[in-house]
Amino acid sequence: MQFLFRHISLILIILFSVNSFATSLTEDAQNRGINETCSNYLEQIESSYGLSGLNITFAHPENPSLLPSLHISAQQYNNGSSSFSATLMPDDEYCYLSTVLVTAINNQSCSEITQVKSENDENLKVSFYADGNYTILTPSDDSFQAILTSSGDNSCTMTETRMMWPGK
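A brief report on the enclosed structure follows. (Residues numbered from 1 in each chain as written. Predicted model: local features only at pLDDT ≥ 70, side-chain atom pairs only at ≥ 80, totals over all residues. Heavy atoms only, no water.)

## Overview of the nonpolar core
Part 1 of the reasoning: Core analysis: the biggest nonpolar cluster contains 14 residues, and I34, L42, F84 and L88 have the highest contact counts within it.
Part 2 of the reasoning: Put simply, the parts of the chain that give this core at least two residues each are α2 (25-32), α3 (36-49), β4 (80-91) and β5 (94-105).
Part 3 of the reasoning: Once residues lying within four places of it in the same chain are set aside, the contact partners of L88 are I34, C38, L42, L67, P68, S69, H71, C95, Y96 and L97.
Part 4 of the reasoning: Among the nonpolar cores identified, the runner-up in size contains ten residues, and I105, I113, L137 and A146 belong to it. (Core = buried A, V, L, I, M, F, W, Y, C linked by side-chain atoms within 4.5 Å. Buried < 20%, exposed > 50% of the residue type's maximum accessible area, 1.4 Å probe, protein only. Helix = DSSP H or I, 4+ residues; strand = E, 2+ residues; numbered from the N terminus. Contact = heavy atoms within 4.5 Å.)

## Quick word on the layout of surface pockets
Part 1 of the reasoning: Reported here for the largest pocket is a volume of approximately 240 Å³.
Part 2 of the reasoning: Looking at the largest pocket, it is lined by 13 residues, and the ones nearest its centre are K117, F144, A146, M158 and E160.
Part 3 of the reasoning: Here the element with the most residues in the lining of the largest pocket is strand β9 (residues 156-164); it accounts for three residues.
Part 4 of the reasoning: Here the lining of the largest pocket is composed, by residue class, of eight nonpolar, one polar and four charged. (1 Å grid on protein atoms, 1.4 Å probe; cavity = no way out; pocket = protein on both sides within 12 Å on 5 of 7 lines; lining within 4 Å. Points joined across faces, edges and corners; volume = space filled by probe spheres on them. Nonpolar A, V, L, I, M, F, W, Y, C, P; charged D, E, K, R; others polar.)

## Regarding the environment of E160
Part 1 of the reasoning: Looking at the element boundaries, E160 is found in strand β9.
Part 2 of the reasoning: With relative accessibility at 14%, the residue E160 sits in the buried group.
Part 3 of the reasoning: Aside from chain neighbours lying at most four places away, what touches E160 is Y49, T99, V100, L101, F144, Q145 and A146.
Part 4 of the reasoning: For E160, the side chain forms a polar contact with the side chain of Y49, separated by 2.7 Å.
Part 5 of the reasoning: In terms of polar contacts, E160 uses its side chain to reach the side chain of R162, at 3.1 Å. (Polar contact = N/O pair within 3.5 Å; in protein donor to acceptor, adjacent residues only side chain to side chain.)

Shown next, in the form of structure tokens:
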């Protein structure tokens with residue numbers, strides 16, 4: 001038990017020593033010296049998702065404006081929780097961006113969520129896999145995909161992924 005405690009403590013110390021915490025992902029990115037274009041994209045995404053939780057940034061200690069960075073935000077709700085992750089990849093005046101948003105919903109089934117989303121977007125492509133345990137939602141413009149995974153009769157985990165190549 002003491003061995004496990006030491007390892008967990010060591011891992012936490014290492015993680016906390018190479019990352020930074022701030023009130024917003026954008027503020028954290030700017031404090032760490034992230035590429036300005038990437039920081040602007042992150043600000044837009046942070047605003048559009050309404051992120052406000054625990055924020056963590058991982059960036060290269062010597063070249064944060066030239067190398068990729070990882071930005072994570074976790075949030076708790078009364079009916080579940082969400083974790084957001086963005087990887088920013090600077091390229092001169094451009095910034096490539098990938099995002100993952102995982103939301104655990106404890107009071108709605110995946111079929112209920114699919115129905116609501118389909119009613120709000122009649123062009124939404126819906127695909128079912130593994131006897132309905134997985135549902136993939138894709139908008140007509142293919143801008144993202146959401147995978148809904150059943151995690152009980154009245155709970156669902158939704159994973160939304162995006163990749164953006166702005167400016168090229």
